[in-house]
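# Descriptive structure summary
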Amino acid sequence: MVGLPRKSLEENAEALVDQGEWTSFIDILALLVFGTILFPIVDGLVDLAMIDAFLAYHHSKESPTIAVLADAYDTFNLRCERNGARIVCCMPALYVWLVSHVFCHEGRPACPLQGDRMCAKKGKANWEEVLAGMVGASVSWFPRWKKGVARVLYSWEGFPNVPLMGTRGCINYNPMLAIRQLGCPMRGAPLEEIIVSFITRVFNEGNAKILQRICKAWDIMERKDKELRGSSNGVIDSYHKWLKARMQGIT
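First, a word on what this report is: a plain description of the structure on this page.

Taken as a whole and judged by the stated rule, the model has five aromatic pairs. With a centroid separation of 6.0 Å and 35 degrees between ring planes, the pair formed by F34 and Y57 is classed as tilted. In this pair, F34 sits in helix α2 (residues 22-38) while Y57 sits in helix α3 (residues 48-60), placing the two residues 23 residues apart along the sequence. Feature note: the residues F34, F39, F54 and Y57 constitute an aromatic cluster, connected by ring pairs. Here the basic side chain of K61 rests over the ring of Y57, its NZ or CZ set 5.5 Å away from the ring centre. The ring of F159 carries R213 above its face, with NZ or CZ at 4.4 Å from the centroid.

Rendered as structure tokens:
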């Protein structure tokens, strides 16, 4: 691993505070946030991938959201591959998701964290009673805090779904699996070809072509909103377009 030791960055940041060099201090602090909070890989080290993500944000204002999402998906996938290991660190986030989708409050808050605070504490017996009595109508698939969101990132040129590139590799996102949480109806089971997994965990010359395809695909993205609410299934339509283009490329 090649990078900058976190201890050295912290010492430089303290020295800049003493000198009153606040602009440089803010940059080092932001780099530490990128390397230790957003993209932690090796404890005590901010590696080159983290530095690259920081520079992309600092110089080009590229949002780190997609890279954070890709790394999170990859972490979940790795944990599941390792003998079904549990992801204990994500329990608070899963709890907030459960509360925001299950409990309907009067004057429902626009923020899921506010809904978490409004939820009364429940013991084991209370949770068992609540979960056992749930039916389909009990779930609020599209909470209030999701209203007004931008159009859904739906598909990319040359891919049946959405490829994401993080700091450790690439993994795909399948909008069909979350279509109801995006406020759109789900009509029937998704086609297997649409939800097939795609994972690339190594950045090297062998994967150069697929990485170039993903970078190019992000220049030709497709967003959808009303199309997903219509009578036809937009997911299947997109898959058919992708399959037709792929067959034409083969022939």
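Moving on, we come to the pattern of salt bridges. For the structure shown, the criterion picks out two salt bridges. One salt bridge connects R6 with E10, and the closest N-O pair in it is separated by 3.5 Å. Pair noted here: R6 and E10 are both in helix α1 (residues 6-19), with a separation of four residues, about one helical turn. Taking the relative accessible area as the measure of exposure, E10 reaches 35% and is therefore partly exposed. Between R168 and D74 there is a salt bridge, with the nearest N and O atoms lying 3.6 Å from each other. Residue R168 is found in the loop between β4 (162-165) and β5 (170-173), and its partner D74 is found in helix α4 (residues 65-81); the two are separated by 94 residues along the sequence. With a relative accessible area of 7%, D74 lands in the buried category.

A separate point is the pairing of β5. Judged by which residues are buried, β5 turns out to be covered on both faces: C170 and N172 on one side and I171 and Y173 on the other are all buried. When β4 meets β5, the two strands line up antiparallel, connected through four bridges. Bridge assignment links P163 to a residue of β5, and that residue is N172. Between the antiparallel neighbours β4 and β5 lie four residues, among them G169 with a positive phi of about 155 degrees.

Right, let's get into α1. Each α-helix turn comprises 3.6 residues. Residues three or four places apart therefore point the same way. In a regular helix each residue adds 1.5 Å, so 14 residues correspond to 20 Å; α1 covers 20 Å between its end C-alpha atoms and thus fits that length. Contacts made by the buried residues of α1 are with β1 (3-5), α2 and β2 (45-47). Count one or two residues on from α1 and you reach G20, which has phi positive near 75 degrees.

It is worth spelling out the packing of α2 against α3 at this point. Put simply, α2 and α3 touch, their axes get as near as 9 Å, and they point 130 degrees apart. Comparing the axis directions of α2 and α3 gives the class oblique. When the axes of α2 and α3 are compared, the crossing they make is right-handed. Residues D27, A30, L31, F34 and G35 of α2 lie in contact with α3, whose contacting residues are M50, I51, A53, F54, Y57 and H58.

Right, let's talk about the nonpolar core for a bit. Across soluble globular proteins, nonpolar side chains show a tendency to be buried alongside one another. Formed by 15 residues in total, the largest nonpolar core has its most connected members in L9, I28, L31, F34, F39 and V46. Counting residues per element, the ones that place at least two in this core are α1, α2 and α3. No other element matches α2, which puts five residues into this core. Non-local contacts of F34, meaning those with residues more than four positions away in its chain, are made with F39, M50, A53, F54, Y57 and P64. Membership of the second largest hydrophobic core comes to twelve residues, among which are F159, L164, I210 and I214.

A few words now on a nonpolar patch on the surface. A cluster of nonpolar side chains, L29, V33, I37 and L38, forms an exposed patch at the surface whose accessible area comes to about 310 Å². Summarising the element assignment, V33 is placed in helix α2. Given the relative accessible area of 32%, V33 is considered partly exposed.

Let us now look at the sheet that holds strand β6 (residues 199-200). As summarised here, the arrangement of the three strands in space is β4-β5-β6, forming an open sheet in which the pairing is antiparallel. At either margin of the open sheet sits one strand with a lone partner, and together these are β4 and β6. Sheet strands touched by α4: β4, β5 and β6. Its angle to β4, the strand with the most contacts, is close to 95 degrees. Along the sheet face, helix α8 (residues 208-217) touches β4 and β5 and points at about 110 degrees away from the line of β4.

Parameters and conventions
- Residues numbered from 1 in each chain as written.
- Predicted model: local features only at pLDDT ≥ 70, side-chain atom pairs only at ≥ 80, totals over all residues.
- Heavy atoms only, no water.
- Phe/Tyr/Trp six-rings, centres within 6.5 Å; stacked < 30°, edge-to-face > 60°.
- Helix = DSSP H or I, 4+ residues; strand = E, 2+ residues; numbered from the N terminus.
- Lys NZ or Arg CZ within 6 Å of the ring centre and 35° of its normal.
- Salt bridge = Lys/Arg side-chain N within 4 Å of Asp/Glu carboxyl O.
- Buried < 20%, exposed > 50% of the residue type's maximum accessible area, 1.4 Å probe, protein only.
- Pairing = 2+ DSSP bridges.
- Expected span 1.5 Å × (residues − 1).
- Contact = heavy atoms within 4.5 Å.
- Axes fitted to C-alpha atoms, helices over the stretch in contact; angles between N-to-C directions.
- Parallel < 35°, antiparallel > 145°, perpendicular 65-115°, else oblique.
- Left-handed = near helix turned anticlockwise from the far one by under 90°.
- Core = buried A, V, L, I, M, F, W, Y, C linked by side-chain atoms within 4.5 Å.
- Patch = residues over 30% accessible without salt bridge, like charges linked within 9 Å, V, L, I, M, F, W, Y side chains within 5 Å.
- Areas by Shrake-Rupley, 256 points an atom, 1.4 Å probe, with all protein chains shown as cover.

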